Amino acid sequence: NRFYNKNAYQLGFFLTDPLLFHNTNLMVEWTRVDPFVFSHDYSIEDNYTSYGAPLGPRIAPNSESWFIRGDLLPSRDLTLSLRFFSEQHGDNVYDASGNLILNVGGDIEQGHRATDPIGVVFLNGHIVKTQQIQLLITYEIAYQLWLDGWLEYDRIDNGGTNAVTHNSTLGARLRTEF
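Cut-offs used in this document
Residue positions are given per chain, counting from 1 as you read along its sequence in written order. Given that this is a predicted model, residues contribute local features only at a pLDDT of at least 70 and side-chain atom pairs are listed and counted only at 80 or more, while totals for whole chains, interfaces and linings are drawn from all residues. Hydrogens and water molecules were not included; the side-chain quantities draw on all heavy atoms of the structure. In this scheme, strands are said to pair when DSSP sees at least two bridges between them. Helix and strand labels come from DSSP, where a helix needs a run of H or I of at least four residues and a strand needs a run of E of at least two; each type is numbered from the N terminus. Each residue's exposure class comes from its accessible area (1.4 Å probe, protein chains only) as a fraction of the maximum for that residue type: buried when under 20%, exposed when over 50%, partly exposed otherwise. Nitrogen and oxygen atoms within 3.5 Å of one another constitute a polar contact, given that in protein one can donate a hydrogen and the other can accept it, and given that sequence-neighbouring residues count only through two side-chain atoms. By the convention used here, residues are in contact when the closest approach between their heavy atoms is within 4.5 Å. Patch building starts from residues that exceed 30% relative accessible area and form no salt bridge, then joins like charges within 9 Å and nonpolar side chains (Val, Leu, Ile, Met, Phe, Trp, Tyr) within 5 Å. Residue burial considers only the protein chains on display, and all accessible areas are found by Shrake-Rupley using a 1.4 Å probe. For this document, the term salt bridge refers to a Lys or Arg side-chain nitrogen within 4 Å of an Asp or Glu carboxyl oxygen.

1. Focus: the pairing of strand β10 (residues 145-158)
- The pairing of strand β9 (residues 126-142) with β10 spans 14 bridges and is classified as antiparallel. In the strand pairing of β10, isoleucine 133 is matched with tyrosine 153.
- In sequence, β9 turns back onto β10 through a hairpin of 2 residues, with glutamine 144 there showing a positive phi of about 65°.
- Pairing geometry for β10 and strand β11 (residues 163-176), over 14 bridges, is antiparallel. By the bridge assignment, tyrosine 153 is partnered in β11 with serine 168.

Pasting the structure below:
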């Protein structure tokens, strides 16, 4: 439980036709990123990012996530997909002026400082919980021409501000790949 032990874990499986349900897929994935992973103690230029995006799992340090996906392929041209994503993130604690008062290793751009404790606690700090559910439909109209539609719902519960945010998205697009 020391800040310099930087580990990330990812386990998952992808099954085709699970339990003899034909033309279906099931995917389950668990990811955990310990505090201070991808950050650097001396310089933010040396953190494990490219243009501000982490070079690894999409979740921030001091986070854990679950991803579950089920696909139904009723015909060669049609795919239905239901996806669920859940994440818990331990965010650093700031005062009203924006000054860092508790560094729990939750920010990829803030490394461990000499004044921070050596020991870390996973999911310490302000807990931010995110849940997302998506329904996606893809239909191949013609060779290499697809019509995609989706319905998405997000819920973010920020323990630091006690704010709960809800977002819904409905969309469609026509895409091709040649």
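2. Here we look at unusual backbone geometry
- Of note, the phi angle at phenylalanine 38 is positive, near 80°, even though the residue is not glycine.
- Assignment of secondary structure puts phenylalanine 38 in the loop between β2 (24-33) and β3 (49-50).
- Judged by relative accessible area, which is 13%, phenylalanine 38 ranks as buried.
- Positive phi is not limited to glycine here, since leucine 123 has a value of about 60°.
- Here leucine 123 is to be found in the loop between β8 (100-102) and β9.

3. Observations regarding the side chain of asparagine 103
- With respect to the element layout, asparagine 103 can be found in the loop between β8 and β9.
- According to the relative accessible area criterion, asparagine 103 is buried, its value standing at 6%.
- Among the polar contacts made by the side chain of asparagine 103, one reaches the side chain of asparagine 92 at a distance of 3.4 Å.
- Here aspartate 116 takes part through its side chain, which lies 2.8 Å from a polar atom of the side chain of asparagine 103.
- Setting aside residues no more than four positions away along its own chain, asparagine 103 makes contact with Phe36, Asn92, Gln110, Gly111, His112, Arg113 and Asp116.

4. With respect to a nonpolar patch on the surface
- On the surface, Ile68, Leu82, Phe84, Ile133, Leu135, Ile137, Leu151, Tyr153 and Leu170 cluster together into a nonpolar patch covering about 790 Å² of accessible area.
- Counting only elements with at least two residues in the nonpolar patch, the list comes to β6 (78-91), β9 and β10.
- The element best represented in the nonpolar patch is β9, accounting for 3 residues.
- One can find phenylalanine 84 in strand β6.
- Taking relative accessible area as the criterion, phenylalanine 84 reaches 32% and is therefore assigned partly exposed.

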